[in-house]
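Below are the chains, spelled out letter by letter.
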Amino acid sequence: MPEAPSRRAFLRGSAAAGLAGAVPGLTLSACAGPERTVAAAASPGAVAPTVGAPTGGRTSNGYGRTAADYAHAGLTPGTVQQWEDGFRTAADNDEPNVFEWWYSDFTGADGTVVSFTLSTRLDDGFVPEPGEAGRRPKSAVIVTDPDGTGHGGVQSYDWAEFSSSTDRCDVRLGPYTFTGDLKTYRMKGRSGDVGVDLTLTSLVQPFRPGTGIIYFGDTDHHFGWLCVVPYGTATGTVTVNGKQRAFTGHGYHDRNWGNRPFPYSVEHWRWGRGSVGAYSVIGADLHLRREYGSAVVPVFLVDDTQTGKRLAGAYDTRTVTATESAPVPYDDPAYPRDYCSKVHWAYRDGAGKADFTFTDTGQRIVSRHYLSDPTPAQRSALDRLGIDEIWYTRYATTNDLDLDLAGTRATGTGAGALEAAQFGLTGAPPRTGGSTARPSATPTPR
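Scoring rules and cut-offs
Residues numbered from 1 in each chain as written. Predicted model: local features only at pLDDT ≥ 70, side-chain atom pairs only at ≥ 80, totals over all residues. Heavy atoms only, no water. Buried < 20%, exposed > 50% of the residue type's maximum accessible area, 1.4 Å probe, protein only. Helix = DSSP H or I, 4+ residues; strand = E, 2+ residues; numbered from the N terminus. Pairing = 2+ DSSP bridges. 1 Å grid on protein atoms, 1.4 Å probe; cavity = no way out; pocket = protein on both sides within 12 Å on 5 of 7 lines; lining within 4 Å. Points joined across faces, edges and corners; volume = space filled by probe spheres on them. Nonpolar A, V, L, I, M, F, W, Y, C, P; charged D, E, K, R; others polar. Axes fitted to C-alpha atoms, helices over the stretch in contact; angles between N-to-C directions. Core = buried A, V, L, I, M, F, W, Y, C linked by side-chain atoms within 4.5 Å. Contact = heavy atoms within 4.5 Å. Salt bridge = Lys/Arg side-chain N within 4 Å of Asp/Glu carboxyl O. Polar contact = N/O pair within 3.5 Å; in protein donor to acceptor, adjacent residues only side chain to side chain. pLDDT = per-residue confidence, 0-100. Phe/Tyr/Trp six-rings, centres within 6.5 Å; stacked < 30°, edge-to-face > 60°. Lys NZ or Arg CZ within 6 Å of the ring centre and 35° of its normal. Lys, Arg positive; Asp, Glu negative; His and termini not counted.

Within strand S21 (residues 352–370), 16 of the 19 residues are buried, which leaves the element mostly enclosed by the surrounding structure. One ladder, built from 8 bridges, connects strand S20 (residues 338–349) with S21; its direction is antiparallel. From the neighbouring strand, tryptophan 345 faces S21, where its bridge partner is phenylalanine 356. Adjacent in sequence and paired antiparallel, S20 and S21 are bridged by 2 residues, among which glycine 350 carries a positive phi angle near 65°. Taken together, the 14 bridges between S21 and strand S22 (residues 390–405) define a ladder with antiparallel strand orientation. Within S22, the residue paired with threonine 359 across the bridge is threonine 398.

And the structure:
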C-alpha cells in the first residue's frame, strides 16, 4: 500500500471534486418554474433497474421507475421539486423506527474541511429497535483544520428546538439552520468553539435515481436518497476558538430518509465520491438481505463540473457493476475481520463506457462501531437477524478514471472518499494479520 497522504494533502486534492457530487445555476426543464430542476431521468444513462414489481405495479427492491411508483410518491419523472428536500417523514416522526437527515460537506482551498449534518435520530437508522430513547434530533458539525485537528462534534436536542418545512429545505435545530432552494444553500450556526456560515451554489443538476425510493419486498418499508447538490462552489466563514477565517472551496449536499432501520433490510453498502480533473463521480453499491432476494442496487454518476453536463446517471445492474477487492487488515483491533480496500465501478451502455476505481490510502476519516452494548430488545433483534456487529467506516482514497461517454474521452487520477456500512460481518474477508495504526476523526456517519 502506498504511503497515506497527509490529511491536508487529501483535502486539497479533494477540493476539485467537492468529494462526493460549469455553469452558474441548474438547467431547467421546459415547463419548470423556480421550484423544479431536471432530475436523473433527463440525463444520459438514466436506466431503470431490473427488479420485481409487487401488487399495484410498484417496484420492489430497487429504485422506483414505473408510473405507479411515481404516482405513489407524488413525483414527476425528470424533475426534482423543492418539497423533495423538505421534511419527508414529518407525518411519521413520532415513530422511533423512522429516520431522516440532511447532510453537507465542504472542502476548502486551504485544506479545511467542514461536515454539517442535521438529523431526526441519534443513530440515523443504523440500529434495530432504537426505541423512544433514540428518537431525538441531533447535529453533527465538525471543522477539521488543514493539519488534521478536529473541532466540534455531535449534540442532541429536545424536539422543541427542532423545526423543518415540508415544502422546501428549511431545517432549524438549536443554533443551526440548513436552508436552500435546490440551487443555493446556506448552512449556518455556532455552538461552543465552532461556528460556520457557508453558502453552497450548485454547478450541476440534482440527481435522483428514478423516484429515489427503494421499497423492500411488497411492504411499505422503504429507504430514500436524493443527491441535491452533487457538486458546487462554497464560500463563507468558519470560526474556531473565537477566530473567524474566510472559506472558499467546494461542497456537496444530499439527504436520506426511511421508515425502518437499515439492519432489517440491508446487508451492506459501499459508497464513494470524488473527482479526476473536471469530472466528479459518485458510485454506490447497496446489497439487500436474503429476504429481499439479495438484490443489488447500484448507482453511477459522472458530471462535467466545468460545463454542467451530466455524462452518466445510471442505477441499473445491466449497466453498472461494482467489484470489491484487495482485503487488508483493519486498523481498529475491535474490528474482527479484514476489509476490502478497493472498489471498482464499471459502467457500460452501448458504445459508452466508464471505469472508476476508489483505492483506500490507509487514512481513516471516520468510523463507528454501533451497539457495542445493546439493550435486551436490540440484542434479541440482532440475534433474530443473524447480525454479529454493525460498523460504519469512511476512508480517504485515490481515484482512477477512464471514461469514453457522450463524446468525452478522459483518463486520470484524483482524490475522494469511500465508505462502508456493514450490518453483520459474516461476509467480510477473514482477518489475515495484524493491524496498523491510522489517524481518525470524530465518528460522524454521512
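Moving on, there is more to tell.
With that settled, the discussion passes to the layout of surface pockets. Of the voids in this model, the largest pocket is the one considered here, and its volume is about 500 Å³. Take the lining of the largest pocket: its biggest share by element is 5 residues, from strand S23 (residues 408–423). Its volume calculated, the second largest pocket comes out at about 210 Å³. Residue lining of the second largest pocket: His72, Ala73, Arg88, Thr89, Ala91, Asp92, Ile213, Tyr215, His222, Trp257 and Asn259, and that is the complete set. Class assignment for the residues of the lining of the second largest pocket results in 5 nonpolar, 4 polar and 2 charged.

This brings us to the sheet that holds strand S16 (residues 279–288). The 9 strands lie next to each other as S18-S17-S16-S15-S23-S22-S21-S20-S19, forming an open sheet whose pairing is antiparallel. Strands at the two margins of the open sheet, each flanked by one partner only, are strand S18 (309–314) and strand S19 (320–329). Mean inter-strand twist for the sheet, computed between neighbouring axes without regard to direction, equals 15°.

One finds Phe126, Trp225, Phe262, Trp269 and Phe423 to be the most contacted residues of the largest nonpolar core, which totals 42 residues. Ranked by residue count, the leading element in this core is S16, at 4 residues. Beyond its immediate stretch of four places on either side in the chain, phenylalanine 423 contacts Phe126, Phe262, Pro263, Val266, Glu267, His268, Trp269, Ile387, Glu389 and Ile390. If you look at the next biggest cluster of nonpolar residues, it comprises 36 residues, including Val114, Phe116, Tyr215 and Ala234.

By the element assignment, alanine 91 lies in the loop between strand S2 (79–81) and strand S3 (99–108). Its relative accessible area of 79% is what places alanine 91 among the exposed residues. Residues alanine 91 and threonine 166 lie 75 residues apart in sequence; the distance between their C-alpha atoms is 9.8 Å.

Here we take up the pattern of salt bridges. Under the defined criterion, the tally for this structure stands at 23 salt bridges. A salt bridge links aspartate 158 to arginine 136; its shortest N-O distance comes to 3.6 Å. Of this pair, aspartate 158 sits in the loop between strand S6 (150–156) and strand S7 (162–164) while arginine 136 sits in the loop between strand S4 (113–119) and strand S5 (138–144), placing them 22 residues apart in sequence. Exposure remark for aspartate 158: the relative accessible area of 47% places this residue in the partly exposed category.

By the element assignment, threonine 393 lies in strand S22. Within the structure, the side chain of threonine 393 is placed 2.8 Å from the side chain of tyrosine 330, a separation counted as a polar contact. In contact with threonine 393, other than residues within four places in its own chain, are Tyr330, Arg364, Val366, Ser367, Leu418, Glu419 and Ala420.

Here we take up the confidence of the model for the chain. Reading fine detail from the predicted coordinates is not recommended where pLDDT is low. When the pLDDT values of the chain are averaged, the result is 86; 84% of them are 70 or greater. Predicted confidence for residues 1–50 stays below pLDDT 50, and this span has 166 contacts to residues more than four positions away or in other chains. Here residues 435–446 scores under 50 on pLDDT; set against residues more than four positions off or in separate chains, the count is 42 contacts.

Per the counting criterion, the structure on display carries 32 aromatic pairs. Plain terms: the ring middles of phenylalanine 106 and phenylalanine 247 are 6.4 Å apart, the flat faces sit at 85° to each other, and that makes the pair edge-to-face. Of this pair, phenylalanine 106 sits in strand S3 while phenylalanine 247 sits in strand S14 (residues 243–258), and the two are 141 residues apart along the sequence. In this structure phenylalanine 106 comes out as buried when scored by relative accessible area, which is 0%. With relative accessibility at 3%, the residue phenylalanine 247 sits in the buried group. Grouping aromatic residues by their ring pairs yields a cluster made of Phe99, Trp101, Phe126, Phe223, Phe262, Trp269, Tyr370, Tyr392 and Phe423. If you follow arginine 273 out to its NZ or CZ, it ends over the ring of tyrosine 252, 3.9 Å from the centre.

This brings us to the side chain of arginine 394. Here arginine 394 lies in strand S22. Of the side chains bearing the opposite charge, glutamate 419 lies closest to the buried arginine 394, which forms no salt bridge; the N-O distance is 4.1 Å. A polar contact of 3.2 Å, which involves the side chain of arginine 394, links it to the side chain of tyrosine 392.

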